[in-house]
Amino acid sequence: MTQAIASAVVHDLIGIGFGPSNLALAIALQEHGQVHGHLDVLFLDKQADYRWHGNTLVSQSELQISFLKDLVTLRNPTSPYSFVNYLKAHGRLVDFINLGTFYPCRMEFNDYLRWVASHFAAQSRYGEEVLAIEPVLHQQQVEALRVISRDIQGQHHVRTTRSVVVSAGGTPRIPEAFKALKDDARVFHHSQYLERMTRQPCINGQPMRIAIIGGGQSAAEAFIDLNDSYPSTRVDLILRGSALKPADDSPFVNEVFSPQFTDLMYQQGTAERERMINEYQSTNYSVVDIDLIERIYGIFYRQKVSGIARHVFHSLTSIDSATADGQGIQLALRNAASGEVSEQHYDAIILATGYERQMHRQLLAPLANYLGEFEVDRDYRIVTDPRCKAGIYMQGFCQASHGLSDTLLSVLPIRAQEICASLYAHDQHDKPVSLTDERVLAAV
Ligand SMILES: Cc1cc2nc3c(=O)[nH]c(=O)nc-3n(C[C@H](O)[C@H](O)[C@H](O)COP(=O)(O)OP(=O)(O)OC[C@H]3O[C@@H](n4cnc5c(N)ncnc54)[C@H](O)[C@@H]3O)c2cc1C
């Protein structure tokens with residue numbers, strides 16, 4: 001590695017990722033700091049600029065949560081960073097009211113998040129991927145943390161901080177059968193959808209046969225987009241389940257996404273937490289908004305009327321194998337009901353196969369001796385060995401202990417407030433007296 005750029009500053013907090021979770025935290029820290037004194041905070045994001053799942057923003061996609069669950073309203077409805085204030089600042093408040101919806105399109109919510117992020121330019125660095133978080137040791141104690149990152153030019157950076165908050169989001173899940181094809185441009189995860197579609201022949205109207213693997217919201221959105229935007233495509237929707245199932249967003253069930261539910265969940269033992277997560281899976285995982293399901297059903301029904309079968313719906317179907325050659329991608333599809341295996345040929349495959357939440361393990365691996373099994377306190381701080389004085393917080397990796405809202409937008413402002421309070425308490429009680437700039441540089 002080339003000589004790393006090392007900073008002598010000791011930050012109070014470095015945030016890994018600058019998605020909605022850390023953006024909500026940046027606001028909470030700013031608003032709290034105006035009264036109690038500001039912390040030195042920096043957020044690093046690997047993307048070149050602010051984007052919220054930018055390659056998935058097809059024009060029909062809508063927010064799956066009320067706009068009132070923006071970055072601030074649950075915590076401070078008078079904050080200037082509310083979605084309503086964004087609408088006002090952009091001259092669309094009246095028009096949005098006329099729309100009569102709680103669910104803006106995701107493109108607009110992305111624009112809202114970008115607008116908020118632009119107010120935090122001084123505290124954020126884009127185009128820097130964090131590679132590792134290491135201990136800064138003094139007398140066998142972890143006094144601080146060293147954050148190693150790499151920028152777009154390949155330059156490494158080393159920074160020191162008293163605390164980190166890991167909010168790096170999900171990592172695309174690639175099913176086993178497709179792992180060998182990960183470098184094939186014709187096979188891609190839904191998280192790359194818009195960018196990869198610009199390189200497909202159907203953009204110029206050439207015929208293509210495309211398979212979408214998955215039965216959740218992303219699969220449904222990709223199906224509608226291919227149907228509407230690319231008339232030369234024939235699409236096979238391939239899912240293990242027997243049907244596209246609706247997301248349950250009915251009001252009593254929605255209470256699992258309330259801040260109070262986080263307390264209830266956290267107070268339970270492991271078995272009961274698991275049971276509660278399983279009970280409410282149908283709010284978020286492998287489910288689709290009902291209006292999209294109805295649209296897709298309508299498309300298949302009209303095919304029956306016309307007798308022209310452009311698309312195929314393969315339910316109860318798993319992929320036995322995937323192989324590629326110059327002609328395309330061959331899939332061996334197994335029907336779970338009949339056991340029958342059929343070979344199908346495609347020009348492109350879209351993996352709408354969800355996300356894994358493992359990034360924290362990779363980033364925090366150098367601290368493994370102090371971390372145990374990633375048990376998390378109620379304030380989202382990882383329970384560490386007493387030798388670790390530095391604070392390590394996580395957002396989006398605490399579903400098992402804090403509930404289904406952890407990976408969503410549902411409780412962002414409240415969670416930010418809780419982490420903010422913990423950071424200030426930590427700052428007052430645990431500040432290591434021996435952490436001088438000289439020692440920090442010596443450790444780099
Ligand atoms: C397509 C899609 C639609 C969704 N729609 C909704 C919705 O409508 N409602 C809802 O409640 N939830 C939705 N979600 C769930 C989603 O997780 C949350 O909306 C939200 O994005 C979580 O914010 P986050 O900041 O925790 O994670 P993310 O938004 O994933 O942000 C993580 C950030 O970390 C950065 N990063 C990752 N690794 C590194 C690294 N090593 N170094 C530096 N930076 C890094 C990434 O570039 C990214 O900007 C959706 C998810 C997807 C994928």
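Residues numbered from 1 in each chain as written. Predicted model: local features only at pLDDT ≥ 70, side-chain atom pairs only at ≥ 80, totals over all residues. Heavy atoms only, no water.

Trainee: Got a sec to walk through the packing of aromatic side chains? Specific residues and values, please.
Mentor: All chains considered together, the criterion is met by 18 aromatic pairs. Both rings, one in Phe18 and one in Tyr50, keep their centres 6.3 Å apart while their planes meet at 80°; by these two values the pair is edge-to-face. A residue pair is termed long-range when its members are at least 10 positions apart, and Phe18 in the loop between strand E1 (5-16) and helix H1 (20-36) and Tyr50 in the loop between strand E2 (41-45) and helix H2 (83-89) qualify at 32 residues. Here Phe18 matches Tyr50 in class, with each residue buried. An aromatic cluster is built from Trp52, Phe67, Phe83, Tyr86, Phe96, Phe102, Phe109, Tyr112 and Trp115, whose rings are joined through pairwise contacts. Its end group placed over the ring of Tyr266, Arg273 keeps NZ or CZ at 4.9 Å from the ring centre. (Phe/Tyr/Trp six-rings, centres within 6.5 Å; stacked < 30°, edge-to-face > 60°. Helix = DSSP H or I, 4+ residues; strand = E, 2+ residues; numbered from the N terminus. Buried < 20%, exposed > 50% of the residue type's maximum accessible area, 1.4 Å probe, protein only. Lys NZ or Arg CZ within 6 Å of the ring centre and 35° of its normal.)

Trainee: How would you explain the site of the ligand if you had to name every residue and give the values?
Mentor: The local shell around the ligand holds 26 residues, among which Ser21, Asp45, Gln64, Val130 and Thr407 are the closest. Between the ligand and the protein, one listed contact pairs a nitrogen atom with a backbone N or O atom of Lys46 at 3.1 Å. One nitrogen or oxygen atom from the side chain of His53 is found 3.0 Å from an oxygen atom belonging to the ligand. The protein chains hide 91% of the 970 Å² of surface that the ligand would expose on its own. Within the residue set of the shell around the ligand, elements represented by two or more residues are H1, E2 and strand E4 (128-138). (Near = heavy atom within 4 Å. Polar contact = N/O pair within 3.5 Å; in protein donor to acceptor, adjacent residues only side chain to side chain. Areas by Shrake-Rupley, 256 points an atom, 1.4 Å probe, with all protein chains shown as cover.)

Trainee: I'd love a proper account of the domain arrangement of the protein, names of residues and values included.
Mentor: For the protein, the domain assignment lists domain 1 (5-170 + 357-443) and domain 2 (173-246 + 285-351). Taking only C-alpha atoms into account, the centre of domain 1 sits 35 Å from that of domain 2. Contacts between domain 1 and domain 2 engage 13 residues on the former and 15 residues on the latter. Between domain 1 and domain 2, a total of about 1,000 Å² is buried, with carbon and sulfur atoms accounting for 46% of that surface. Summed over the three residues of domain 1 that lose the most area to domain 2, namely Asn55, Val58 and Gln60, the buried surface amounts to 51% of that side. For the pair domain 1 and domain 2, the number of links is one salt bridge. Between Arg106 and Glu221 there is a salt bridge, with its nearest N and O atoms 3.1 Å apart. Class assignment for the residues of the side of domain 1 that touches domain 2 results in three nonpolar, eight polar and two charged. (Domains from an automatic or database assignment. Contact = heavy atoms within 4.5 Å. Buried area = accessible area lost by both parts, 1.4 Å probe. Salt bridge = Lys/Arg side-chain N within 4 Å of Asp/Glu carboxyl O. Nonpolar A, V, L, I, M, F, W, Y, C, P; charged D, E, K, R; others polar.)

Trainee: Tell me what's going on with the environment of Thr171, and back it up with residues and numbers.
Mentor: Note on placement: Thr171 falls in strand E7 (residues 171-172). A sequence separation of 184 residues divides Thr171 from Tyr355, and the C-alpha atoms of the two residues are 5.1 Å apart.

Trainee: For the pairing of strand E10 (residues 233-238), give the residues involved together with the corresponding values.
Mentor: If a strand is regular, its side chains alternate between the two faces of the sheet. Counting buried positions over the six residues of E10 gives five, a clear majority of the element. Pairing of strand E9 (residues 208-213) with E10 involves six bridges; the strand directions are parallel. Residue pairing in the sheet places Met208 in a bridge with Thr233 of E10. Pairing of E10 with strand E11 (residues 312-314), which is carried by three bridges, proceeds in the parallel orientation. Across the sheet, the residue bridging to Leu237 is Phe313, located in E11. (Pairing = 2+ DSSP bridges.)

Trainee: How would you summarise the packing of helix H6 (residues 217-229) against helix H10 (residues 290-306) if you had to cite specific residues and measurements?
Mentor: Between H6 and H10, the shortest axis-to-axis distance is 10 Å and the interhelical angle comes to 45°. The angle between H6 and H10 falls in the class oblique. Remark: the crossing between H6 and H10 carries left-handed chirality. The residues of H10 that touch H6, namely those facing Gln217, Ala220, Glu221, Phe223, Ile224, Asn227 and Asp228, are Leu292, Arg295, Ile296, Ile299 and Phe300. (Axes fitted to C-alpha atoms, helices over the stretch in contact; angles between N-to-C directions. Parallel < 35°, antiparallel > 145°, perpendicular 65-115°, else oblique. Left-handed = near helix turned anticlockwise from the far one by under 90°.)

Trainee: Give me the sheet that holds strand E8 (residues 187-189): which residues, what numbers.
Mentor: Strand order in the open sheet formed by five strands is E8-E15-E9-E10-E11, and the pairing between neighbours is parallel. Each edge of the sheet is formed by a strand with only one pairing partner; in this case those strands are E8 and E11. Within the sheet, the average angular offset between the axes of one strand and its neighbour, ignoring direction, is 20°. Of the pairings in the sheet, the one linking E9 to strand E15 (residues 348-351) comprises four bridges and is parallel in character. Bridged to Ile210 within E15 is Ala348.

Trainee: I'd love a proper account of the sheet that holds strand E14 (residues 341-346), names of residues and values included.
Mentor: In space, the three strands of this open sheet follow the order E12-E13-E14, with antiparallel pairing throughout. Each having just a single partner strand, strand E12 (317-325) and E14 make up the two edges of the open sheet. With direction set aside, neighbouring strand axes in the sheet form an average angle of 25°. In this structure, strand E13 (residues 328-335) lies alongside E14, joined through six bridges in antiparallel fashion. Within E14, the residue paired with Gln330 across the bridge is His345.

Trainee: Go over H6 with me, naming the residues and quoting the values.
Mentor: Taking 1.5 Å as the rise per residue, H6 with 13 residues should run 18 Å; its terminal C-alpha atoms sit 18 Å apart, in good agreement. Summarising the contacts, the buried residues of H6 are in contact with helix H4 (106-118), helix H5 (193-197), E9, E10, H10 and E15. (Expected span 1.5 Å × (residues − 1).)

Trainee: Give a description of the pattern of salt bridges that names residues and reports values.
Mentor: In total, this model carries 23 salt bridges according to the counting rule given. With a closest N to O distance of 2.8 Å, Asp385 and Arg387 form a salt bridge. Several salt bridges converge on common partners, so that one network encompasses Asp49, Arg51 and Arg114.

Trainee: Tell me about a nonpolar patch on the surface, and please be specific about residues and values.
Mentor: A surface patch of nonpolar side chains, about 280 Å² in accessible area, is lined by Leu68, Phe102 and Tyr103. When you line up the elements, Tyr103 lands in the loop between helix H3 (93-99) and H4. (Patch = residues over 30% accessible without salt bridge, like charges linked within 9 Å, V, L, I, M, F, W, Y side chains within 5 Å.)

Trainee: Break down the side chain of His402 for me, with residues and values.
Mentor: Looking at where His402 falls in the secondary structure, it is placed in helix H13 (residues 399-402). In contact with His402, not counting residues within four places along its chain, are Thr262, Met265, Tyr266, Val376, Asp377, Arg378 and Tyr380.

Trainee: Outline the nonpolar core, listing residues and values.
Mentor: The biggest cluster of nonpolar side chains holds 67 residues, and the ones touching the most others in it are Leu71 and Ile133. Apart from residues no more than four positions distant in its own chain, Ile133 is found in contact with Ile16, Leu145, Arg146, Val164, Val166, Leu363, Leu364, Pro366 and Leu367. (Core = buried A, V, L, I, M, F, W, Y, C linked by side-chain atoms within 4.5 Å.)

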